[in-house]
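Each chain, written out:
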Amino acid sequence: MVKLLLERGYRVCGVVRSPDNNKKCGHLERLEGAKEGLTLLKGDLLDPDSLSAAIDGCSGVFHMACPVPSYASTNPEVEVLSHAIKGTLNVLDACKNSKVKRIVMTSSVAAMAFDLHKPKDAPLDESCWSDQPIIMCHRREPSFGWIRRTRSWREAFFFVEVVESGNYTVA
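Residues numbered from 1 in each chain as written. Predicted model: local features only at pLDDT ≥ 70, side-chain atom pairs only at ≥ 80, totals over all residues. Heavy atoms only, no water.

Caption draft 1: Inspection of the overall build of the chain at higher detail. The helix and strand tally for the chain stands at seven helices and four strands. In the chain, the succession of helices and strands from N to C terminus is α-β-α-α-β-α-β-α-β-α-α. When burial is assessed residue by residue, the chain has 37% of its 171 residues classed as buried. Here the chain has roughly 10900 Å² of accessible surface; of this, 52% comes from carbon and sulfur atoms. (Helix = DSSP H or I, 4+ residues; strand = E, 2+ residues; numbered from the N terminus. Buried < 20%, exposed > 50% of the residue type's maximum accessible area, 1.4 Å probe, protein only. Areas by Shrake-Rupley, 256 points an atom, 1.4 Å probe, with all protein chains shown as cover.)

Caption draft 2: Representation of the pattern of salt bridges in the model. Applying the stated criterion to the full structure yields one salt bridge. Two residues, Glu 7 and Lys 3, come together in a salt bridge whose shortest N-O distance is 3.9 Å. Taken together, the residues span about one helical turn, with Glu 7 and Lys 3 both in helix H1 (residues 2–7) at a distance of four residues. (Salt bridge = Lys/Arg side-chain N within 4 Å of Asp/Glu carboxyl O.)

Caption draft 3: The environment of Ala 84, seen in detail. Assignment of secondary structure puts Ala 84 in helix H5 (residues 76–97). A relative accessible area of 2% means that Ala 84 is categorised as buried.

Caption draft 4: Summary view of the pairing of strand S3 (residues 60–63). Because side chains alternate across S3, one face comprises the buried residues Val 61 and His 63, and the other comprises Gly 60 and Phe 62, none of which is buried. Pairing of S3 with strand S4 (residues 102–105) involves four bridges; the strand directions are parallel. Bridge pairing in S4 links Phe 62 to Val 104. (Pairing = 2+ DSSP bridges.)

Caption draft 5: The arrangement of a nonpolar patch on the surface in detail. A cluster of nonpolar side chains, namely Met 1, Leu 4, Phe 62 and Met 64, defines an oily patch on the protein surface of about 360 Å² accessible area. Here Leu 4 shows up in helix H1. (Patch = residues over 30% accessible without salt bridge, like charges linked within 9 Å, V, L, I, M, F, W, Y side chains within 5 Å.)

Caption draft 6: Quick look at the layout of surface pockets. Looking at the largest pocket, its volume works out to about 1500 Å³. Forming the walls of the largest pocket are 47 residues, and the residues nearest its centre are Cys 13, Gly 14, Val 15, Phe 62 and Met 64. Elements represented by at least two residues in the lining of the largest pocket include exactly H1, strand S1 (12–16), helix H2 (22–29), strand S2 (38–42), helix H4 (48–55), S3, H5 and S4. The dominant element in the lining of the largest pocket, judged by the number of residues it contributes, is S1, at five residues. Each residue belonging to the lining of the largest pocket can be placed in one class, and the counts come to 30 nonpolar, nine polar and eight charged. (1 Å grid on protein atoms, 1.4 Å probe; cavity = no way out; pocket = protein on both sides within 12 Å on 5 of 7 lines; lining within 4 Å. Points joined across faces, edges and corners; volume = space filled by probe spheres on them. Nonpolar A, V, L, I, M, F, W, Y, C, P; charged D, E, K, R; others polar.)

Caption draft 7: Layout of unusual backbone geometry. Although it is not a glycine, Lys 99 adopts a positive phi angle of roughly 60 degrees. Relative to the elements of secondary structure, Lys 99 occurs in the loop between H5 and S4. Note on Lys 99: relative accessible area 68%, which makes it exposed.

The analysis is restricted to geometry; functional conclusions fall outside its scope.
In structure tokens form, the structure reads like this:
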């Protein structure tokens, strides 16, 4: 995404946990156009102030991150699910406060694929949401990543449709 935006002449501000970590960010800084068009700022999805500082002045935001612990979580409901939802809402709130015009969020088909109420041949759309109990029961080990995506997306759609009365496009 960063490469494509730079190639098209956009200025890109990326939020990363460790902008000075060449192992994790060096590939971005070596992209053509990065020297002039890329700024990497230190931030965290759970730190609203860092997000606000990065998002302020932007006309569009691509939200592509989700907190994922680097260890086997002993409490995934808190360490994975609540952080994912809170991070998504922090990004949306920063966008609202900075008057961002367009928000694009990435997710996974996992957020919609396990909806047993949807007719088999019906397309997946914003009316389809994976059923958390089904994900929990039909997998040997519950995939909190799948549940995280579903719940984060549902919160984002609720934010856009109810809180912001449809003032944003979340794609």
